[in-house]
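# Descriptive analysis of the structure
Take a look at the letters that make up each chain.
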Amino acid sequence: MGKLRAAVIGVGYLGRFHAQKFAMLDDVELVGVVDASAERAAEVAAEVGARAFTDHREVLPLVDMVSVVVPTQYHFDVARDAFEAGCHVLLEKPVTRTVEEADRLVALAQEKNLIFQVGHLERFNPAILALRGVINNPRFIESHRLAPFKPRGTDVNVVLDLMIHDIDIILSIVGCPIKTVNSVGVPVLSSEVDIANARLQFENGCVANVTASRVSREAMRKVRIFQPDAYISIDYQERKIAIYRKLAGESMIPGLPNITMEQKSFEQSDALLEEVRSFVEVVRTGGRPVVSGEDGRRALEVALQINTRL
């Protein structure tokens, strides 16, 4: 198989980065970029050496795969058109506006035998990748994702904007259906909820306490995982993991448990490049994406459950 032909649909702030990543890959030809703004499409096209389009339907017959980075309200229509044209799809999160739309896209991708990947970027964070083989029957998870206010992204509330990243990670870690959801949230600087907290109880007894804010003074992205044999602390911002384990016997201090600590740190990585590269690889070889359409659908379903209880 020669070079795969790709297009990026929607080249605003994030879509421009998608286009740059596709253009970096030797086994991909970035055929075109699409944006409702002809000026923006032309600007990004010139930057990455591709053709500019204003209608996504014009580029679909020319490519094998697309990255869809349009506002959430257009996700379903654009992804549906791409699948019907025979294109593999990388669709930014949240996957769609409704679970019903997500189900229809999942079914269409299966019917057409096409790859459907959802852009939950944290799955490609090296700290998360390093947890393979470490996570074992978590009982309590606490996550904080706090960010300063930015007008971009306020077309959806903080649950669908930020918290959904941690929802996806937690669902992948626990691997069990949710039993109950409780949540609270308030709008602060936008008309949508800007800070929210959710308590998720899983059928196996695990509980996750999830907080997200886009009106914080400083950024924070941390997850703490408690399980029978360990306590695991993840700091996405500092790219560090700390793993604490209880060993047999007492410590050097009488009466205190014997605790061992392992720390890991990671170099700065390009998670978006790894996400795009993974998508290309799955398109080329087949198999299941790291974050499938079904994964995106599950994260959306939980996020919408949280929204209904805010």
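The rules behind each value
- Residues numbered from 1 in each chain as written.
- Predicted model: local features only at pLDDT ≥ 70, side-chain atom pairs only at ≥ 80, totals over all residues.
- Heavy atoms only, no water.
- Helix = DSSP H or I, 4+ residues; strand = E, 2+ residues; numbered from the N terminus.
- Contact = heavy atoms within 4.5 Å.
- Buried < 20%, exposed > 50% of the residue type's maximum accessible area, 1.4 Å probe, protein only.
- Salt bridge = Lys/Arg side-chain N within 4 Å of Asp/Glu carboxyl O.

### Some remarks on the environment of E92
Relative to the helices and strands, E92 resides in strand β5 (residues 88–92). In sequence terms E92 and G296 are 204 residues apart; their C-alpha atoms lie 9.4 Å from each other. With sequence-adjacent residues up to four places away left out, E92 is seen in contact with L14, H18, V68, V69, H75, G119 and E275.

### A short note on unusual backbone geometry
Look at the link from K93 to P94: it is a cis peptide, with omega at -15°. Its place among the elements puts P94 in the loop between β5 and α5 (99–112). One non-glycine residue, N113, lies in positive phi territory at about 60°. Within the element layout of this structure, N113 appears in the loop between α5 and β6 (116–119). Note on N113: relative accessible area 67%, which makes it exposed. Backbone geometry at N137 places phi at a positive 60°, although glycine is not the residue there. Mapped onto the elements, N137 comes out in the loop between α6 (126–129) and β7 (140–146). Looking at N137, the relative accessible area reads 40%, which means it is partly exposed.

### So, the pattern of salt bridges
Following the criterion strictly, the structure yields 24 salt bridges and no others. Taking the shortest distance from any N to any O, the salt bridge between R297 and D103 comes out at 2.8 Å. In this pair, R297 sits in helix α9 (residues 293–308) while D103 sits in helix α5, placing the two residues 194 residues apart along the sequence. Between E262 and K264 there is a salt bridge whose closest N-O contact spans 3.8 Å. Looking at E262, the relative accessible area reads 36%, which means it is partly exposed. Owing to a relative accessible area of 29%, K264 belongs among the partly exposed residues under this scheme. Through salt bridges that share partners, R123, D168, R288, D295 and R298 make up one connected network.

By themselves, these are just geometric observations and shouldn't be taken as functional.
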